Amino acid sequence: MLQLNVKNETSRLRAVVLGSALNNGPTPSVEEAYDPKSLEHILAGTYPIEEDMIKEMEAFNQVFQKYDVKVFRPEMIENYNQIFTRDIGFVIDDVFVKANILPDRNRELDAIQYVLDQINPSKIVRPPEEVHIEGGDVMLWNDYVFIGTYKGSDYKDYITARTNMEGVNYIKALFPNKIVKEFDLVKSKLEARDNALHLDCCFQPVGKNKGIIYKSGFREEADYVYLVKLFGKENLFHITRDEMYNMNSNVFSIDENVVVSEKNFTRLNAWLRNNGFIVEEIPYAEIAKQEGLLRCSTLPLIRD
């Protein structure tokens, strides 16, 4: 049996589900695009090809092997995007929460059923239908659970609005001992540079007390100020609009001092190294074209 344990984003990783780019399917049509960034690349003819994405994910896998992390991969579904395992579920403490994702992505959960079979069934929960919540919006920081949401009255019109207030309240009820804080995110269907698809597109903790943040990703300045007060301004690396677009906040921590990052994130990677982090740089720029990066393609199960 797998003894689940995830309390934050940075403790030593022991087991993870890493997505897969095998048999990823053809380039989606314009109508099938889930987010403005994919749409941009579909229209420009620069949408990533399977072969390149497989290479990038293999580079990520090699880093996990180097640090002796147990890696599970989803079973292959033909012609189907299975890269972003972060969306389909997440672990808080020792509980696996199945996400209510966009309905046509339900098969992705079936593809990791063999992993779920190794978890105590009483520790797996599925929220009711009206609860929308995706793993990219759920950020753990010990006693805190940070959740990205969208409070606009036009929520239902936005395919990029993935977690609702019902989702936030569900987590509050499930974990009454946690401080659950929601953040209202900026959404756009058309301009990827102004679309925080998930909370990890504009914020993520690294190490023990540091973080990467994009101020304009928050609809309310008070939400941004809350994080600045909590972490301290000197501990936060502020990214630019273009760095947000390139997903600089979507790195992934294997340990409190080990961060996997995209090799083109020169400014961020230098800051991390200056602050004592080991930075494992890998190529991930093709996968990034689908508005998802390193954190999005992982589902951590066990951290020390």
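This is a predicted model, so every value here is computed, not measured.

Visitor: Looking at this model, I keep getting lost on the overall build of the chain. Mind explaining?
Guide: Each helix and strand in the chain was counted, giving 8 helices and 15 strands. Here the C-alpha radius of gyration of the chain, 18 Å, is about what a compact globule of 304 residues would show, namely 19 Å. With the C-alpha coordinates of the chain rotated into their principal frame, the extents come out at 45 × 45 × 45 Å. Burial statistics for the chain: of 304 residues in total, 61% are counted as buried.

Visitor: Quick question: what am I supposed to make of the state of the cysteines here?
Guide: Each disulfide consists of a covalent bond between the sulfur atoms of two cysteine residues. Considering all chains together, one arrives at 0 disulfides under this definition. You can see C202 has no disulfide; the closest cysteine sulfur is in C201, sitting 6.9 Å from it. Summary of cysteine pairing: C296 is not part of a disulfide, and the nearest cysteine sulfur, belonging to C201, is at 5.8 Å. Residue C296 is classed as buried on the basis of its relative accessible area, which comes to 5%.

Visitor: Looking at this model, I keep getting lost on the side chain of E243. Mind explaining?
Guide: Structurally, E243 is set in helix α7 (residues 241–245). Ignoring any residue separated from it by four or fewer positions in sequence, one finds E243 in contact with H238, N248 and R267.

Quick notes on the rules
- Residues numbered from 1 in each chain as written.
- Predicted model: local features only at pLDDT ≥ 70, side-chain atom pairs only at ≥ 80, totals over all residues.
- Heavy atoms only, no water.
- Helix = DSSP H or I, 4+ residues; strand = E, 2+ residues; numbered from the N terminus.
- Rg over C-alpha atoms; globule rule 2.2 N^0.38 Å.
- Buried < 20%, exposed > 50% of the residue type's maximum accessible area, 1.4 Å probe, protein only.
- Disulfide = S-S within 2.5 Å.
- Contact = heavy atoms within 4.5 Å.

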